[in-house]
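Now for the letters of each chain:
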Amino acid sequence: MLTEPAVERILTDIALWAASLARQFPELAEELAPGRRSPTGAAPAAPHPGRDDLIREERREALLLQQRHGLVVPGHGAAPIRLHVSDAIRDITDGVVELEEAARARLGLPRPGRAPVVERLRRTTALLDRIAAHPDLARHVRDELRRMARRCARTLGDTETVVRVSGRCPWCDSVSLRAFPDRRAVLCVNPACTCALDDCGCQDDPAYRHLWPETEWAELAEAAGARTEEIETAMDATTATDNEERTC
């Protein structure tokens with residue numbers, strides 16, 4: 001039986017992964033049809049054998065995406081779409097739909113109405129208070145959201161900004177603490193680190209790293225020999241830099 005703090009940690013993870021997925025999922029549509037502009041002065045490439053068949057297949061794929069998921073490929077015409085991106089969109093969309101329906105069924109709630117992925121994520125996180133009463137359901141929701149958020153990030157080719165934090169990890173005593181501004185969380189990146197909390201994903205997932213959300217930074221700083229102000233500065237300074245780059 002999970003303790004109340006353990007369940008709260010899982011709920012925090014759910015909120016973090018859901019927010020990450022909601023932020024990045026709409027970007028997949030932008031990646032479906034990359035620009036085909038040739039470099040200045042470059043001669044146009046010769047038509048590829050079977051190009052017309054490929055274009056027809058890609059147009060059918062674009063129509064399917066619009067009908068099933070409400071996603072319109074920006075500027076779609078004869079430009080090719082990236083099928084691995086459309087596969088990710090379908091997998092994530094189906095996963096979010098199934099997750100919401102399963103959670104509501106377990107909670108004794110009626111089947112949800114149709115809605116875009118981001119809205120479904122919002123509706124699911126709005127049920128966190130009820131999900132907290134079912135620890136096994138909470139862990140399932142966390143694991144599924146984590147899986148889908150990771151696939152979304154991999155498909156986009158995103159590399160999350162990482163900032164080193166001074167001090168030693170309270171669990172493995174290595175200098176492996178890192179701030180991840182996109183998640184506003186601190187993680188121990190030591191692959192061998194495993195905490196003593198039964199509810200933490202690092203116990204059963206080799207790819208998972210122990211995570212300290214914003215509400216635990218003060219406790220972490222005291223245990224690690226770091227400063228809370230340093231963690232906050234790492235998050236804010238990186239965010240400011242990102243904002244400057246977007247406006248350039």
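Residues numbered from 1 in each chain as written. Predicted model: local features only at pLDDT ≥ 70, side-chain atom pairs only at ≥ 80, totals over all residues. Heavy atoms only, no water.

A few words now on the overall build of the protein chain. Counting its regular elements, the protein chain contains eight helices and four strands. For the protein chain, the sequential pattern of α-helices and β-strands runs α-α-α-α-α-α-β-β-β-β-α-α. Here the protein chain holds 248 residues, and the buried ones make up 42% of them. Excluding contacts between residues fewer than 6 apart, the proportion of contacts in the protein chain whose partners are at least 24 apart in sequence is 61%. Accessible surface, the protein chain as shown: approximately 13700 Å² in total, 51% of it carbon and sulfur. (Helix = DSSP H or I, 4+ residues; strand = E, 2+ residues; numbered from the N terminus. Buried < 20%, exposed > 50% of the residue type's maximum accessible area, 1.4 Å probe, protein only. Contact = heavy atoms within 4.5 Å. Areas by Shrake-Rupley, 256 points an atom, 1.4 Å probe, with all protein chains shown as cover.)

The subject of this paragraph is helix H6 (residues 135–156). The end-to-end C-alpha distance of H6 is 32 Å, a good match for the 32 Å that 22 residues give at a rise of 1.5 Å each. Glycine 157 lies just past H6 and shows a positive phi near 75 degrees. (Expected span 1.5 Å × (residues − 1).)

Turning our eyes to something else, we now look at the pairing of strand S2 (residues 177–180). Residues Leu177 and Ala179 of S2 are buried on one face, and the alternating residues Arg178 and Phe180, pointing to the opposite face, are buried as well. Of the pairings in the sheet, the one linking strand S1 (residues 163–164) to S2 comprises two bridges and is antiparallel in character. Paired with valine 163 across the bridge in S2 is alanine 179. (Pairing = 2+ DSSP bridges.)

This part is about the pattern of salt bridges. Applying the stated criterion to the full structure yields 13 salt bridges. With a shortest N-O distance of 3.1 Å, arginine 9 and glutamate 216 are connected by a salt bridge. Here the residue arginine 9 occupies a position in helix H1 (residues 4–31), and glutamate 216 occupies one in the loop between strand S4 (211–213) and helix H7 (217–224), the gap between them amounting to 207 residues. Accessibility classification places arginine 9 together with glutamate 216 in one group, the buried group. For glutamate 100, the salt bridge is made with arginine 120, and the minimal N-O distance between the two is 2.6 Å. With a gap of 20 residues between them, glutamate 100 in helix H3 (residues 83–106) and arginine 120 in helix H4 (residues 117–125) connect regions that are remote in the sequence. A relative accessible area of 1% places glutamate 100 in the buried class. A relative accessible area of 5% means that arginine 120 is categorised as buried. (Salt bridge = Lys/Arg side-chain N within 4 Å of Asp/Glu carboxyl O.)

Attention now goes to the packing of H1 against H3. One way to put it is that H1 packs onto H3 with a least axis distance of 9 Å and a crossing angle of 145 degrees. Handedness of the crossing formed by H1 with H3: left-handed. Facing Leu21, Phe25, Leu28, Ala29 and Glu31 of H1, the residues of H3 in contact are Val85, Ile89, Ile92, Thr93 and Val96. Tallied by class, residues from the contact of H1 with H3 come to eight nonpolar, one polar and one charged. (Axes fitted to C-alpha atoms, helices over the stretch in contact; angles between N-to-C directions. Left-handed = near helix turned anticlockwise from the far one by under 90°. Nonpolar A, V, L, I, M, F, W, Y, C, P; charged D, E, K, R; others polar.)

So, about unusual backbone geometry. At aspartate 173, a residue that is not glycine, the phi angle is positive and equals roughly 65 degrees. With respect to the helices, strands and loops of the structure, aspartate 173 is situated in the loop between S1 and S2.

This paragraph deals with the confidence of the model for the protein chain. Low pLDDT means the predicted coordinates in that region are not meant to be read closely. In the predicted model, the protein chain carries a mean pLDDT of 77, and the fraction of residues at 70 or more is 72%. Predicted confidence for residues 36–49 stays below pLDDT 50, and this span has four contacts to residues more than four positions away or in other chains. (pLDDT = per-residue confidence, 0-100.)

Time to look at the nonpolar core. Ile14, Leu21, Leu28, Ile92, Ile131 and Leu145 are the most contacted members of the largest nonpolar core, which has 39 residues in total. Going through the elements one at a time, H1, H3, H4, helix H5 (128–131), H6 and strand S3 (185–188) are the ones with two or more residues in this core. Among the elements that line this core, the one with the most residues is H1, at 10 residues. When sequence neighbours within four positions are dropped, the list of residues in contact with isoleucine 14 reads Leu128, Ala138, Val141, Arg142 and Leu145. (Core = buried A, V, L, I, M, F, W, Y, C linked by side-chain atoms within 4.5 Å.)

The next thing to look at is the sheet that holds S4. Sheet strands associate in pairs through backbone hydrogen bonding, adopting either a parallel or an antiparallel arrangement. Pairing is antiparallel across the open sheet formed by four strands, whose spatial order is S1-S2-S3-S4. Edge strands, defined here as strands with exactly one partner in the open sheet, are S1 and S4.

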